[in-house]
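Chain and residue survey
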Amino acid sequence: MSARNPGIPLDLEWVSKVRVNTQAVLKRAQQIQGRNKNKKQWQAAWLLRAVTCIDLTTLAGDDTPGNVHRLCMKATQPVRTDLLKSMDMHNEGVTTAAVCVYPSRVADAVKSLKAANSSLPVASVATGFPAGQTPLKARLEEVRMAVEDGAMEIDIVINRTLALTGQWEAVYDEVCQFREACGEAHMKSILAVGELGTYTNVYKASLVAMMAGSDFIKTSTGKESVNATYPVAIVMVRAIRDYFLKTGHKVGFKPAGGIRTAKESLVWLTLMKEELGDEWLSPHLFRLGASSLLADIERQIYHYVTGHYAAYHQMPMA
Ligand SMILES: O=C[C@H](O)COP(=O)(O)O
């Protein structure tokens, strides 16, 4: 990852002045979706790029050491070797960006990756994910325990109760404490945009999370009824751009929740390229949080290489 965002003192004046032009945001989101015209080998190259930006995720009540192990193995070898060979990419060390699990499964993931001799980072959701409705003391302890178990990235959830009631100073204070509890682990702040009500709130929450030292801002937990949408992403990446222009600190972006198709992954890459530039097209500043996107990407790569589509069972999880 790149140099970390150290955060800045809370600038409430900046936050209070925020206004978002909804019509302009919706129009831009439409434009971006019509933009992706990459074909054939360019499309395959972009799909491989998308693979390297995936936080391969399992966040289920029935997660076990076994399925976490399979996830880790898939993350270390996300695309079949024969397909990579056909693209002359088999020596490029193509992996996903990270694996993402619940705190109680971090030790399992660390163990599996270590056994596979992989230095892939383990990301853990924390702070009472997904609702964030547990006492602050417990949320902080959860972060510390995940880090102690070997998580190198922590995906915290912001406190929506505080955000919805306009208590931005309290949101800032909590996120600062999470950042301190993370220590060297990089922190992604999940805004849970589907629960923030307005684009203006999304922009404000983005700013406050960045001011408090988030290394990434992330759209959603994947558990809200509305998750990563392109309009909301436009709002968040513009907050990232404004924060960068004002402070010089680069913050990453992670759309997550409901991203399932190769085609969508290409739209996300296009959005990042057009709104923030090429630097935001690599895993140190861009992640796709997804549990079931990889299978479709691998299937499209199979189609590029062989000219026909594989059945899903030909692209096993591991
Ligand atoms: O953080 C990642 C999300 O929980 C993944 O959501 P998904 O299962 O809809 O891909």
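Here the structure is a predicted model, which is why all the values come from computation and not from measurement.

Attention now goes to the environment of alanine 29. Tracing the chain through its elements places alanine 29 in helix H2 (residues 22-33). Since its relative accessible area comes to 1%, alanine 29 is described here as buried. Taking C-alpha positions, alanine 29 is 8.5 Å from alanine 233, a pair spaced 204 residues apart along the chain. Filtering out sequence-adjacent residues up to four positions away, alanine 29 remains in contact with Tyr230, Pro231 and Ile234.

You can see leucine 47 is positioned in helix H3 (residues 40-52). Through-space distance from the C-alpha of leucine 47 to that of glutamate 298 is 8.4 Å; in sequence the pair is 251 residues apart. Contact partners of leucine 47, with chain neighbours within four places excluded, come to Ala262, Ser265, Leu266, Ile297, Gln300 and Ile301.

Our focus in this paragraph is the sheet that holds strand S1 (residues 54-57). Taken in spatial order, the eight strands of this open sheet run S7-S6-S5-S4-S3-S2-S1-S8, and their pairing is parallel. Either end of the sheet is taken by a strand with one partner, and the two such strands are strand S7 (252-254) and strand S8 (288-290). Within this sheet the neighbouring strands show an average axis-to-axis angle of 25°, counted without direction. Relative to strand S4 (residues 153-157), strand S3 (residues 122-125) runs parallel, the two being bridged by three bridges.

Packing of helix H7 (residues 136-148) against helix H9 (residues 168-182) leaves a shortest axis separation of 8 Å and a crossing angle of 25°. Accordingly, the angle class assigned to the pair H7 and H9 is roughly parallel. H9 is crossed by H7, and the crossing has right-handed handedness. For the pair H7 and H9, contact is made by Leu136, Arg139, Leu140, Val143, Arg144 and Val147 and by Glu174, Gln177, Phe178, Ala181 and Cys182, respectively. Looking at the contact of H7 with H9 residue by residue, the classes come out as seven nonpolar, one polar and three charged.

Cut-offs used in this document
Residues numbered from 1 in each chain as written. Predicted model: local features only at pLDDT ≥ 70, side-chain atom pairs only at ≥ 80, totals over all residues. Heavy atoms only, no water. Helix = DSSP H or I, 4+ residues; strand = E, 2+ residues; numbered from the N terminus. Buried < 20%, exposed > 50% of the residue type's maximum accessible area, 1.4 Å probe, protein only. Contact = heavy atoms within 4.5 Å. Pairing = 2+ DSSP bridges. Axes fitted to C-alpha atoms, helices over the stretch in contact; angles between N-to-C directions. Parallel < 35°, antiparallel > 145°, perpendicular 65-115°, else oblique. Left-handed = near helix turned anticlockwise from the far one by under 90°. Nonpolar A, V, L, I, M, F, W, Y, C, P; charged D, E, K, R; others polar.

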